[in-house]
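# Observations on chain architecture
The chain contents come next:
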Amino acid sequence: MQRGYLDHLKAFKAVGRERSFTKAAPKLGVSQSALSHTIREYESRLGVRLLTRNTRGVNPTEAGERLLRTVAPRLDDIEAELASLRDFQDRPAGTIRISAGDHAVRAILWPKLKRLLAAYPDINVELVSDNKLVDIVEEGFDAGVRLGEQVAKDMIAVRISPDIRFAVVGAPSYLDGRSPPERPDDLVGHRCINLRLSTHGGLYAWEFEKRGKELKVRVEGQLAFNSIFEVYEAALAGFGLAYVPEDMVLADVAGGRLRRLIEDWCVPWTGYHLYYPISRQTSAAFDLVVDALRHRR
């Protein structure tokens, strides 16, 4: 469509419906003479007369009536949609899709977002829980959540949690009659509950560090899950040792339901970060979600 056609059509719609330049001009915020010039220019472009002018007023021609009947309603729809877009400036709305691990969803995202969503009912959030490194652009997510050291350099990263520390734990029923492990190498002789990672389908190697020395231990046991919460439940039930985020087990350790092990090898990691492409055009809804999740010390 050539430049100016929508403006011309809008002008014609106003005059054709009002049957008057005098009544249409104020609604458009222009003078009668300017409006008359616009209509003549539009007719010249189309090569068709749209209005007949006489002493009794203005009436659409047959071509003009057809344009009013078929095209003008579509212009009404376009104007209504544009008006609804302006509502987004005052009332944030839209759907935000976030990919995150199950622990991040339950421990960080949902507790913070439920307060935001109660205040902004037009914002929709879809949280997809998966323990894998997701290409958020390729898979259509607005943002993802990873530990700080896992975020790619070409992404904007916003910290959403304090540092995270993992813990090795076991139930008294499992440890009864067994020598508790004192260092990571001792785990080889124990039943451990594995976490299977979705990214490559492998089992997660437990990670430890002490005085700058890093160790990764591939453990074995009777059970493996793809959710950290099932790993925790199995440990609580006495099926072996588990390696889980500290916040999940603090109450159980304090209550004697779990015993903490190899604590001096479990160092804090950089906390969870929300990340999204630098080139992403943000919306008011997305900005509110980011601000609600932001970690404040």
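The sections below set out a description of the structure shown in this document. A quick note: this is a predicted structure, and the numbers were derived from the prediction, not measured. (Residues numbered from 1 in each chain as written. Predicted model: local features only at pLDDT ≥ 70, side-chain atom pairs only at ≥ 80, totals over all residues. Heavy atoms only, no water.)

## Some words on the overall build of the protein chain
Defined as follows: To qualify as a helix, a DSSP run of H or I must reach at least 4 residues; to qualify as a strand, a run of E must reach at least 2; elements of each kind are numbered from the N terminus. Within these notes, the globule rule equals 2.2 Å times the number of residues to the 0.38 power, and the radius of gyration is based on C-alpha atoms. The method behind every accessible area is Shrake-Rupley, applied with a 1.4 Å probe, and residues are considered shielded solely by the protein chains displayed. Charged residues are defined here as Lys and Arg on the positive side and Asp and Glu on the negative side; His and the ends of the chain fall outside this count. Note on charges: their place is set at NZ of Lys, CZ of Arg, CG of Asp or CD of Glu.
A count of helical and extended segments in the protein chain gives ten helices and 14 strands. Against the compact-globule benchmark of 19 Å for 297 residues, the protein chain has a radius of gyration of 32 Å, which places it well outside the compact range. With respect to the three principal axes, the spread of C-alpha positions in the protein chain is 110 × 35 × 30 Å. With the model as given, the accessible surface of the protein chain reaches about 16900 Å², and the carbon-plus-sulfur share is 49%. Here the protein chain contributes 43 positively and 40 negatively charged side chains, and the mean placements of these two sets differ by 6 Å.

## Remarks on the sheet that holds strand E7 (residues 166-170)
Inclusion rule: Any two strands are treated as partners once DSSP identifies two or more bridges connecting them. For helices, the fitted axis covers only the stretch in contact; all axes are lines through C-alpha atoms, and the angles between them, taken along N-to-C directions, range from 0 to 180 degrees.
In spatial order, the strands read E12-E7-E13; together these three strands make up an open sheet with antiparallel pairing. Each end of this open sheet is capped by a strand with a single partner; those strands are strand E12 (242-245) and strand E13 (259-261). Here the strands of the sheet are splayed against their neighbours by 50 degrees on average, with no regard to which way each runs. Pairing analysis gives four bridges linking E7 to E12, with the strands arranged antiparallel. Bridge pairing in E12 places Phe166 opposite Pro245.

## Concerning the pattern of salt bridges
The criterion, for reference: The rule for a salt bridge is simple: a side-chain nitrogen of Lys or Arg has to be within 4 Å of a carboxyl oxygen of Asp or Glu. Type-normalised accessible area, obtained with a 1.4 Å probe on protein chains alone, sets the label of each residue: buried when under 20%, exposed when over 50%, and partly exposed for intermediate values.
All told, the structure shown has 13 salt bridges when counted by the stated rule. When the shortest N-O distance is used, the salt bridge between Glu263 and Arg165 registers 3.7 Å. Of the two residues, Glu263 is situated in the loop between E13 and strand E14 (272-277) and Arg165 in the loop between strand E6 (155-159) and E7; the sequence distance between them amounts to 98 residues. Asp252 serves as the salt-bridge partner of Arg257, at 2.7 Å between the closest nitrogen and oxygen. On the basis of relative accessible area, Arg257 is assigned to the partly exposed category, the value being 42%. Taking the relative accessible area as the measure of exposure, Asp252 reaches 7% and is therefore buried.

## As for the environment of Pro26
The topology assignment puts Pro26 in helix H2 (residues 21-28). When its relative accessible area of 60% is taken as the criterion, Pro26 is described as exposed. In this structure the C-alpha to C-alpha distance between Pro26 and Arg165, which are 139 residues apart in sequence, comes to 68 Å.

## Focus on helix H6 (residues 102-119)
Quick reminder: α-helices carry 3.6 residues per turn. Residues three or four places apart thus point the same way. Keep this limit in mind: Expected span of a helix, by definition, is 1.5 Å for each gap between consecutive residues, and there is one gap fewer than residues. Two axes define the bend at a residue: one fitted to the seven residues ending there, one fitted to the seven starting there, and the bend is the angle between them.
The end-to-end C-alpha separation of H6 is 25 Å, in line with the 26 Å expected for 18 residues at 1.5 Å each. Helix geometry: H6 is bent most strongly at Leu109, by close to 45 degrees, with proline Pro111 lying one to four residues after it. Looking only at H6, the buried set comprises Asp102, His103, Ala104, Val105, Ile108, Leu109, Lys112, Leu113 and Leu116.

## Digging into the layout of surface pockets
One way to see where empty space is left: roll a probe the size of a water molecule over the atoms. The condition is simple: Space inside and on the surface of the protein is sampled on a 1 Å grid over the protein atoms alone, with a cavity defined as a set of points where a 1.4 Å probe fits but cannot get out and a pocket as an open set with protein on both sides within 12 Å along at least 5 of 7 lines; lining residues have an atom within 4 Å of a point. Grid points are joined across faces, edges and corners, and a volume is the space filled by probe spheres set on the points. All residues other than Ala, Val, Leu, Ile, Met, Phe, Trp, Tyr, Cys, Pro, Asp, Glu, Lys and Arg, Gly among them, are scored as polar; the first ten of these are nonpolar and the last four charged.
Estimates place the volume of the second largest pocket at around 150 Å³. The element best represented in the lining of the second largest pocket is H6, accounting for three residues. Partitioned by chemical class, the residues of the lining of the second largest pocket number six nonpolar, two polar and four charged.

## Here's the deal with the packing of aromatic side chains
The test is simple: Stacked, edge-to-face and tilted are the three classes for Phe, Tyr and Trp ring pairs, Trp counted by its six-membered ring, which pair at centre distances within 6.5 Å; planes under 30 degrees apart are stacked, over 60 edge-to-face, the rest tilted. Geometrically, a lysine NZ or arginine CZ counts as sitting over a ring once it is within 6 Å of the ring centre and also within 35 degrees of the ring normal.
Enumeration over the complete set of coordinates arrives at six aromatic pairs. Seen in terms of ring centroids, Tyr276 and Phe286 are 4.9 Å apart; in terms of plane orientation they differ by 85 degrees. Their pairing is edge-to-face. Residue Tyr276 is found in strand E14, and its partner Phe286 is found in helix H10 (residues 284-293); the two are separated by ten residues along the sequence. Accessibility expressed as a relative area gives 10% for Tyr276, which makes it buried. Overall, Phe286 belongs to the buried group, its relative accessible area being 1%. Ring pairs connect the aromatic residues Phe166, Tyr204, Trp206, Phe208, Tyr243 and Trp269, which therefore count as one cluster. A cation over a ring is seen here: Arg97 above Phe141, with NZ or CZ 4.3 Å from the ring centre. The positively charged end of Arg106 is found above the aromatic ring belonging to Phe229, 3.6 Å away from the centroid.

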